[in-house]
Amino acid sequence: GGGGLAAHSSNRAMSETSDDQSTAGSETSVIRRMGCKLELREVAELESGFVCLRKSLRSFSLYVPETALRNLALHGGMAKLGVSPRDVTILCSDVAGFTALTERTTPEVFIKLFAEYMEAMSDIIHEHGGTVGKYIGDAILAFWNSPGDCADHAFAACAAALAQQRKLAQMRRAWHAR
């Protein structure tokens, strides 16, 4: 196993820097610990890359379940375009009375309510192992058992639909109370 390195602040990093190479704030300072030699510039580049990766994964996880992302990362594979025959369960939902709702609310209020709704419904799909395939206006198309395996995909989709109904009832009460 290799040695670990954690620099919590520039003071901590400098305290672990060898005396002959210690220059506060220098990008070429060297950190030595447990046989590991890294330049601060390299650490900064690694940190920057890690932050970028986290942001990308967070963005991607809005559309693909975290379990599918984890499997992709754990197995070191690449996402591939293509199809394979398999049973899937598809859920299609839309907002009843959508046009009337847009006509009787201000654009600012509507956008806020609609964003809350779409986020809540998408979160429920992901929590139940589903994938949001696309948003079509006020509709959401989601599916289970692809790209990853879901043994009880029909049950998971039905559980998600019921959870969405409960959440929507809760949201309606909160909206009417405003």
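Higher on the page you've got the structure.
Each value, and the rule that gives it
Residues numbered from 1 in each chain as written. Predicted model: local features only at pLDDT ≥ 70, side-chain atom pairs only at ≥ 80, totals over all residues. Heavy atoms only, no water. Helix = DSSP H or I, 4+ residues; strand = E, 2+ residues; numbered from the N terminus. Buried < 20%, exposed > 50% of the residue type's maximum accessible area, 1.4 Å probe, protein only. Contact = heavy atoms within 4.5 Å. Lys, Arg positive; Asp, Glu negative; His and termini not counted. Salt bridge = Lys/Arg side-chain N within 4 Å of Asp/Glu carboxyl O. Pairing = 2+ DSSP bridges. Axes fitted to C-alpha atoms, helices over the stretch in contact; angles between N-to-C directions. Phe/Tyr/Trp six-rings, centres within 6.5 Å; stacked < 30°, edge-to-face > 60°. Parallel < 35°, antiparallel > 145°, perpendicular 65-115°, else oblique. Left-handed = near helix turned anticlockwise from the far one by under 90°. Nonpolar A, V, L, I, M, F, W, Y, C, P; charged D, E, K, R; others polar.

A. Just the overall build of the protein, in detail. When its secondary structure is counted, the protein shows six helices and five strands. Of the regular secondary structure in the protein, the N- to C-terminal order runs α-β-β-α-α-β-α-α-β-β-α. When burial is assessed residue by residue, the protein has 26% of its 178 residues classed as buried. Summarising the internal contacts of the protein: among those between residues at least 6 apart in sequence, 49% fall at separations of at least 24.

B. Structural context of the side chain of D138. Residue position: D138 is located in the loop between β4 (131-136) and β5 (139-144). Summary of buried charges: D138 has no salt-bridge partner, and the nearest side chain of opposite charge, R172, is 10 Å away. Discounting residues that sit within four places of it in the chain, D138 has contacts with S93, D94, V95, F98, F114 and M118.

C. Focus on the pairing of β4. Both β4 and β5 contribute to a ladder of five bridges, which runs antiparallel. In the strand pairing of β5, T131 is matched with F143. The antiparallel pairing of β4 with β5 creates a hairpin that spans two residues between the two strands, and G137 there sits at a positive phi of about 60 degrees.

D. Representation of the sheet that holds β4. The antiparallel open sheet is built from three strands, whose spatial order is β3-β5-β4. Unpaired on one side and paired on the other, β3 (89-93) and β4 mark the two borders of the sheet. Averaged over all neighbouring strand pairs, the angle between strand axes comes to 15 degrees, with direction disregarded. Packing against the sheet, helix α6 (residues 153-177) makes contact with β3 and β5, and its axis sits at approximately 20 degrees to β3.

E. Spotlight on the packing of aromatic side chains. The final tally for this structure, using the stated rule, is three aromatic pairs. Between F98 and F110, the ring centres sit 5.5 Å apart and the planes meet at 70 degrees, which makes this aromatic pair edge-to-face. Of this pair, F98 sits in helix α4 (residues 98-104) while F110 sits in helix α5 (residues 107-127), placing them twelve residues apart in sequence. Take F110: its relative accessible area is 12%, and that puts it in the buried class. Note on F98 and F114: the rings are 5.6 Å apart at their centroids and 55 degrees apart in plane angle, and the pair reads as tilted.

F. Summary view of the packing of α5 against α6. Put simply, α5 and α6 touch, their axes get as near as 9 Å, and they point 155 degrees apart. Looking at the two axes, α5 sits roughly antiparallel to α6. Between α5 and α6 lies a crossing of right-handed hand. Residue-level inspection shows L113, E116, Y117, A120, M121, I124 and I125 of α5 in contact with α6, the latter providing A160, A163, Q164, K167, L168, M171 and W175. The class makeup of the residues in the contact of α5 with α6 is eleven nonpolar, one polar and two charged.

G. Layout of the pairing of β5. One ladder, built from five bridges, connects β3 with β5; its direction is antiparallel. Residue S93 lies in a different strand from β5, and its bridge partner there is I140.

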